[in-house]
Amino acid sequence: MGTTVYERQRPAASIVAQSLAGSTRSVFWLDDLPASPRRPALTGTVHADLVIVGAGYTGLWTALHAKRRDPGLRVVVVEARSVGWAASGRNGGFCEASLTHGRDNGLTRWPDEIDELDRLGLANLDAMGDDIAAYGIDADWERVGALAVATEPHQLEWLDEWATDAAVRGEDGVVRMSGEEVRASVASPTFLGAVFEQHSNALVHPGKLAAGLARAAEEAGVTIFEGSPVRSLEDTPSGVEVVTAEGRVTASHVALATNVFPSLLARNRLMTVPVYDYVLMTEPLSDDQLDEIGWGDRQGISDLANQFHYFRLSRDNRILFGGYDAVYHYGRRVRSAYENRPESWQKLASHFFTTFPQLEGLRFTHRWAGAIDTSTQFCAFFGTARRGRVAYTAGFTGLGVAATRFAGEVMLDLLAGEKTERTELEMVRKRPLPFPPEPAAAIGINATRWSLDRADHNQGRRNVLLKTLDALGLGFDS
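Attention in this report is confined to the structure presented alongside it. The structure displayed is predicted, hence computed values, not measured ones. (Residues numbered from 1 in each chain as written. Predicted model: local features only at pLDDT ≥ 70, side-chain atom pairs only at ≥ 80, totals over all residues. Heavy atoms only, no water.)

**A short note on the packing of helix 2 (residues 13-20) against helix 12 (residues 342-355)**
Any two packed helices are characterised by the angle at which their axes cross and by the distance between the axes. Quick reminder of the rule: Where helices are involved, their axes are fitted lines through C-alpha atoms of the stretch in contact, as for all axes, and angles between N-to-C directions lie from 0 to 180°. Helix and strand assignments follow DSSP, with helices taken as H or I runs no shorter than four residues and strands as E runs no shorter than two, numbered in order from the N terminus. Roughly parallel means an angle under 35 degrees; roughly antiparallel means over 145; roughly perpendicular covers 65 to 115; every other angle is labelled oblique. Crossings are classed by handedness, with left-handed meaning an anticlockwise turn of the near helix from the far one by less than a right angle and right-handed meaning a clockwise turn. When checking whether two residues touch, look at their non-hydrogen atoms; a contact exists if any pair is within 4.5 Å. Residue polarity follows a fixed list, in which Ala, Val, Leu, Ile, Met, Phe, Trp, Tyr, Cys and Pro are nonpolar, Asp, Glu, Lys and Arg are charged, and the others, Gly among them, are polar.
Interhelical geometry of helix 2 versus helix 12 gives an angle of 115° and a closest axis separation of 9 Å. As judged from the angle between their axes, helix 2 and helix 12 are roughly perpendicular. For the element pair helix 2 and helix 12, the recorded crossing hand is right-handed. Between helix 2 and helix 12, the residues in contact are Ile15, Val16, Ser19 and Leu20 and Trp345, Gln346, Ala349, Ser350 and Phe353, respectively. Its residues placed into classes, the contact of helix 2 with helix 12 shows six nonpolar, three polar and no charged.

**Points about the nonpolar core**
A general feature of soluble globular proteins is that nonpolar side chains tend to end up buried together. Under the convention used in this document: To qualify as a nonpolar core, a set must consist of buried Ala, Val, Leu, Ile, Met, Phe, Trp, Tyr and Cys residues joined through side-chain atoms within 4.5 Å. Relative accessibility thresholds used throughout: buried, under 20% of the residue-type maximum; exposed, over 50%; partly exposed, between the two (1.4 Å probe, protein chains only).
Among the nonpolar cores identified, the biggest contains 38 residues, and Leu147, Trp295, Ile319, Phe352 and Phe356 are the most heavily contacted of them. Apart from residues lying up to four places away in sequence, tryptophan 295 is in contact with Ser185, Val186, Ile301, Phe311, Arg312, Leu313, Ile319 and Phe356. Core analysis: the second largest hydrophobic core is formed by 37 residues, Ala63, Ile132, Leu213 and Val222 among them.

**Side note on helix 4 (residues 57-69)**
The condition is simple: For a helix, the expected span equals 1.5 Å multiplied by the number of residues minus one.
Under the 1.5 Å per step criterion, the end-to-end length of helix 4 is 18 Å for 13 residues, consistent within 8% with the ideal 18 Å. Across the 13 residues of helix 4, eleven count as buried, placing the element largely inside the fold. When we look at burial in helix 4, the residues that qualify are Tyr57, Thr58, Gly59, Leu60, Trp61, Thr62, Ala63, Leu64, His65, Ala66 and Lys67.

**Considerations on the pairing of strand 12 (residues 247-256)**
This is how the line gets drawn: The rule for pairing is simple: two strands pair if DSSP sees at least two bridges between them.
With seven of its ten residues buried, strand 12 lies for the most part within the structure. When strand 2 (residues 44-53) meets strand 12, the two strands line up parallel, connected through nine bridges. Paired with isoleucine 52 across the bridge in strand 12 is alanine 255. Bridging between strand 11 (residues 239-244) and strand 12 involves four bridges; their strand directions are antiparallel. Looking across to strand 12, one finds that valine 240 is bridged to alanine 251.

**Some remarks on the sheet that holds strand 17 (residues 364-374)**
Read across the open sheet, the nine strands follow the order 1-17-13-16-15-14-5-7-6; overall the sheet is mixed. This sheet does not close on itself; its edge strands, each paired only once, are strand 1 (24-25) and strand 6 (174-178). Across five bridges, the pairing between strand 6 and strand 7 (residues 193-197) is antiparallel. Within strand 7, the residue paired with arginine 176 across the bridge is valine 195. With respect to the sheet, helix 8 (residues 156-169) is in contact with strand 5 (146-150), strand 6 and strand 7, its orientation differing from that of strand 6 by roughly 150°. Contacting strand 13 (273-282) and strand 16 (319-328), helix 15 (residues 440-456) runs over the sheet at an angle of about 130° to strand 16.

**Focus on a negative patch on the surface**
Under the convention used in this document: Note that patches include only residues with greater than 30% relative accessible area and no salt bridge, and the join distances are 9 Å for like charges and 5 Å for nonpolar side chains (Val, Leu, Ile, Met, Phe, Trp, Tyr). Computed by Shrake-Rupley with a 1.4 Å probe, the accessible areas treat only the displayed protein chains as cover when residues are assessed. Salt bridges are counted wherever a side-chain nitrogen of Lys or Arg sits within 4 Å of a carboxyl oxygen of Asp or Glu. We count Lys and Arg on the positive side and Asp and Glu on the negative side, and we leave His and both chain ends out. In this description, the location of a charge corresponds to atom NZ of lysine, CZ of arginine, CG of aspartate or CD of glutamate.
The grouping of Asp287, Asp288, Asp291 and Glu292 at the surface amounts to a negative patch. Tracing the sequence through the fold places aspartate 291 in helix 11 (residues 287-293).

**Side note on the packing of helix 4 against helix 10 (residues 206-219)**
Close contact between helix 4 and helix 10 brings their axes to 9 Å; oriented N to C, the two are set at 30°. Overall, the two elements helix 4 and helix 10 adopt an arrangement that is roughly parallel. Judged by the twist between their axes, the crossing of helix 4 over helix 10 is left-handed. Two secondary-structure elements touch here, helix 4 through Tyr57, Leu60, Trp61 and Leu64 and helix 10 through Pro206, Leu209, Ala210, Leu213, Ala214, Ala216 and Ala217.

**Here we look at the pattern of salt bridges**
Counted by the stated rule, this structure contains 34 salt bridges. Aspartate 325 is the partner of arginine 449 in a salt bridge, and the nearest nitrogen-oxygen pair spans 3.1 Å. Within this pair, whereas arginine 449 is found in helix 15, its partner aspartate 325 is found in strand 16, the two being separated by 124 residues in sequence. The class for aspartate 325 is buried, based on a relative accessible area of 2%.

**A closer look at the packing of aromatic side chains**
Applied cut-off: The pairing test for Phe, Tyr and Trp rings, Trp by its six-membered ring, is centres within 6.5 Å, and the orientation test on the planes gives stacked under 30 degrees, edge-to-face over 60, and tilted for anything in between.
Tallying each qualifying case throughout the model produces 16 aromatic pairs. Judged by centre distance (5.9 Å) and plane angle (35°), the rings of tryptophan 85 and phenylalanine 261 are tilted. Placement of tryptophan 85 in the loop between strand 3 (75-78) and helix 5 (87-90) and of phenylalanine 261 in the loop between strand 12 and strand 13 is noted, with a sequence separation of 176 residues between them. Overall, the relative accessible area of 17% leaves tryptophan 85 in the buried class. For the ring pair phenylalanine 94 and tyrosine 310, a centre distance of 5.9 Å and an interplane angle of 80° mean the geometry is edge-to-face. Remark: tyrosine 310 occurs in strand 15 (residues 309-313) and phenylalanine 94 occurs in strand 4 (residues 94-96); sequence separation between them is 216 residues. Neither residue differs from the other here; phenylalanine 94 and tyrosine 310 are each classed as buried. Connected via pairs of aromatic rings, a cluster forms that spans Phe191, Trp295, Phe311, Phe321, Phe352, Phe353, Phe356 and Phe364.

Written out as structure tokens, the structure is:
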């Protein structure tokens, strides 16, 4: 079994320790927001036309779309904690056009629809940028594209196949870069080559986006209650009641935007699992440090390993560096204790200085983690319940920053009973396979993670387990 570049070119332990010494376990994107008053909790009984559970991206986009379709609609959002506190405030801020967690994943699952899905995804990303501008949201939106970099020789063939496929299909803006070209753009000795997707990716400040969407929704007449975890859904003769500890909302329709958290619908309890992802953020780079690495085009970057890293610049020229470890805990629970994993941050810091050895001495100011709502198809699924009065979506698997906007439109189409281009998609009409109950879920997920790591150490070759999962449509390939 071979080694990876992060093992062959490992920095000294003292460099890693020093870089983490002054960091705080806190989410930079949320710390970077101005202080704002908490919204009230739900008390008593409130009446609405539409109630949305969850004030992350999915819920907030759904609220805005609903008011755009019908400005007179009474829309209420009920949030357990505060706007954007979970995945929407903790992610890397990568806005990918793909609705299917990459073209390869979509092609495997919905080959007859992949071109339509790609078109809808790019249109959604375009519309997202337009909406951010129209609503006056200062979210550090940058339509800068993304680099997918090879860090091992066997990955260069994957880049060639990617670029060739794009050329055959006539897709522009997909540029194959040699090692010399990519290192001239971003100076890392680990970069052996890259594909630059110029049009299908943007970057955003996650916390500012969530806060801005909430402000825009309230200006449109949406009411948001915070600190109000929902206990149950109860049917009424004319709709559904959303019940919290101290209040309830009666409404004709409900949209569930709870993503990684346990579903309020029993049918969806096995449809997702929480997988924990870990992130570091550096202090701002000096002008000299920026000169050392280049990165003048400010693209988002990820590598091609199964256990991949993602990294990007913030507006004030910090580097966010995350990924690699994706940790599942027995019992599919979401717990704050799982967010504290020093060994993952130490590993990320080591990999950071392998990637950018010229930045030795740079310190990390923030370290954090969050749970990803993972589905067996690695992208969102949709559906309705309670005689069409409740719509739901979940399972974005780490690529939901842009896709949540599309998902909000889908849920509203489903609640309206409309036959649209979106609702006719097989991806929308059919549910993926659920995960098995415990202990089978933990055994299978952790065996898969081990196998993916082995593949990264064996020139990408997939073992029997991974090949079997591929054959069953459960293999991870994005």
